[in-house]
Amino acid sequence: MLWLMLGAPWLVGALLTLWLPRFEMLFTPEWLTKVLAVTGVALAITTWTSALALATAAIDVRSAPPRAAALLLAGWLMWTLLDAIRHGLRVGSNMRAGKLFRDCAGRVGDVLRVDSPVPDAFAVPGRRAVVVVTSALASELNDGELRAVIEHERAHLAGGHSMLIQAVQLAVRLNPLLRPWSAAIRFAAERAADERAAADDRSTALRAIARVALLCSAVVPSAGVGIGGQPGEVLRRVDALQRPGPRPQRGWLLVAAIAVVLALGANFVAVADVAQDRIAPEAGEASGEVFA
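Residues numbered from 1 in each chain as written. Predicted model: local features only at pLDDT ≥ 70, side-chain atom pairs only at ≥ 80, totals over all residues. Heavy atoms only, no water.

Under an unreviewed UniProt entry, the name given to the chain is Peptidase M48 domain-containing protein, and the organism recorded is Mycolicibacterium helvum.

Right under this line is the structure:
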């Protein structure tokens, strides 16, 4: 029973990672960003904690090889935790750096145009969030295309896509096996923003995204959330915009996603108790006791 409990989140994580490509058919882009972020974080926390519980249990074994493996596992877990903390600090630093754009006097509403020979557009989240568009990009687009680009970036801000993407990035630091989730949520965020940009005129949004991808192909990605992407991803986005928009989200799939997250939460409570019983047992509780 104990081994099943410790291995369950890893099995669920492996299965969901294999099924990631199918998620695009099950969830609308906007809902997919939320499902990937919440489920990815839940998987990372639960698998990390189950590995910690396994390490603490193996340390109690008298045989030297399992104890050595447990110490190595514990060291790896501490390294992943420190890596996640470092990433969180970098995100905080980037947010503070974005203040330069958010507090710029030249902004008009939530849009800031900056003079730059580099074509680019990106969203800067945070208090008084702003969409930044460079003069080089604006000069290459007509009014309709520029509006589509701005709506795309506004969708990133309204959907909290930067926060959701960084949440999955933190999850990947805790469990590197979740790395495919990082690319999946970035693509889902771009698709969600594309659909908002295409709400009024799908053909204009399609043309704008294709043109911006070409113009920004040599630009290093900004710290914010931008409209560009890898060539293969842009082709997939353009192909999606050539078809009708997504159907309304089916509610039972959201209920199923919530059930998975709740099950992972219950597993986390159980495996955390296993680790706590060995690391810091309560008064009158034996260190090898699984449940108080």
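On we go.
Student: Teacher, can you tell me more about unusual backbone geometry here?
Tutor: Peptide bonds are, in most cases, trans, and in most cases residues other than glycine have a negative phi. Phi is positive for Arg-128, close to 60°, though the residue is something other than glycine. Secondary-structure assignment places Arg-128 in the loop between β2 (121-124) and β3 (130-134). (Helix = DSSP H or I, 4+ residues; strand = E, 2+ residues; numbered from the N terminus.)

Student: Any chance you could explain the packing of helix α7 (residues 143-158) against helix α9 (residues 179-197) here in plain terms?
Tutor: To describe two helices that pack against each other, one gives the angle between their axes and the distance between the axes. For the pair α7 and α9, the least separation of the axes is 8 Å and the interaxial angle reads 130°. Considering their axes alone, α7 and α9 lie oblique with respect to each other. Considering only the axes of α7 and α9, their crossing is right-handed. Side by side, α7 and α9 meet where Ala-148, Glu-151, His-152, Arg-154, Ala-155, His-156 and Ala-158 of the first sit next to Ala-189, Glu-190, Ala-193, Asp-194, Arg-196 and Ala-197 of the second. (Axes fitted to C-alpha atoms, helices over the stretch in contact; angles between N-to-C directions. Parallel < 35°, antiparallel > 145°, perpendicular 65-115°, else oblique. Left-handed = near helix turned anticlockwise from the far one by under 90°. Contact = heavy atoms within 4.5 Å.)

Student: Even after reading the chapter, I still don't get the packing of aromatic side chains, so can you show me in this structure?
Tutor: The geometry of an aromatic ring pair comes down to the distance between the two centres and the angle between the two planes. Scanning all chains against the criterion turns up three aromatic pairs. Aromatic side chains Phe-23 and Phe-27 sit 6.2 Å apart centroid to centroid with 75° between the ring planes, which places their arrangement in the edge-to-face category. With respect to class, Phe-23 is no different from Phe-27; both count as buried. Measuring from centroid to centroid gives 6.4 Å for Phe-23 and Trp-181, while their planes differ by 85°, and the two rings are edge-to-face. Residue Phe-23 is found in helix α2 (residues 20-26), and its partner Trp-181 is found in helix α9; the two are separated by 158 residues along the sequence. For Trp-181, a relative accessible area of 1% puts it in the buried group. Taken together, the ring pairs connect Phe-23, Phe-27 and Trp-181 into an aromatic cluster. Geometry around Trp-31 places Lys-34 over its ring, the cationic atom sitting 5.7 Å from the centre. Residue placement shows Arg-236 over the ring face of Phe-187; its charged tip is 3.8 Å from the ring centre. (Phe/Tyr/Trp six-rings, centres within 6.5 Å; stacked < 30°, edge-to-face > 60°. Buried < 20%, exposed > 50% of the residue type's maximum accessible area, 1.4 Å probe, protein only. Lys NZ or Arg CZ within 6 Å of the ring centre and 35° of its normal.)

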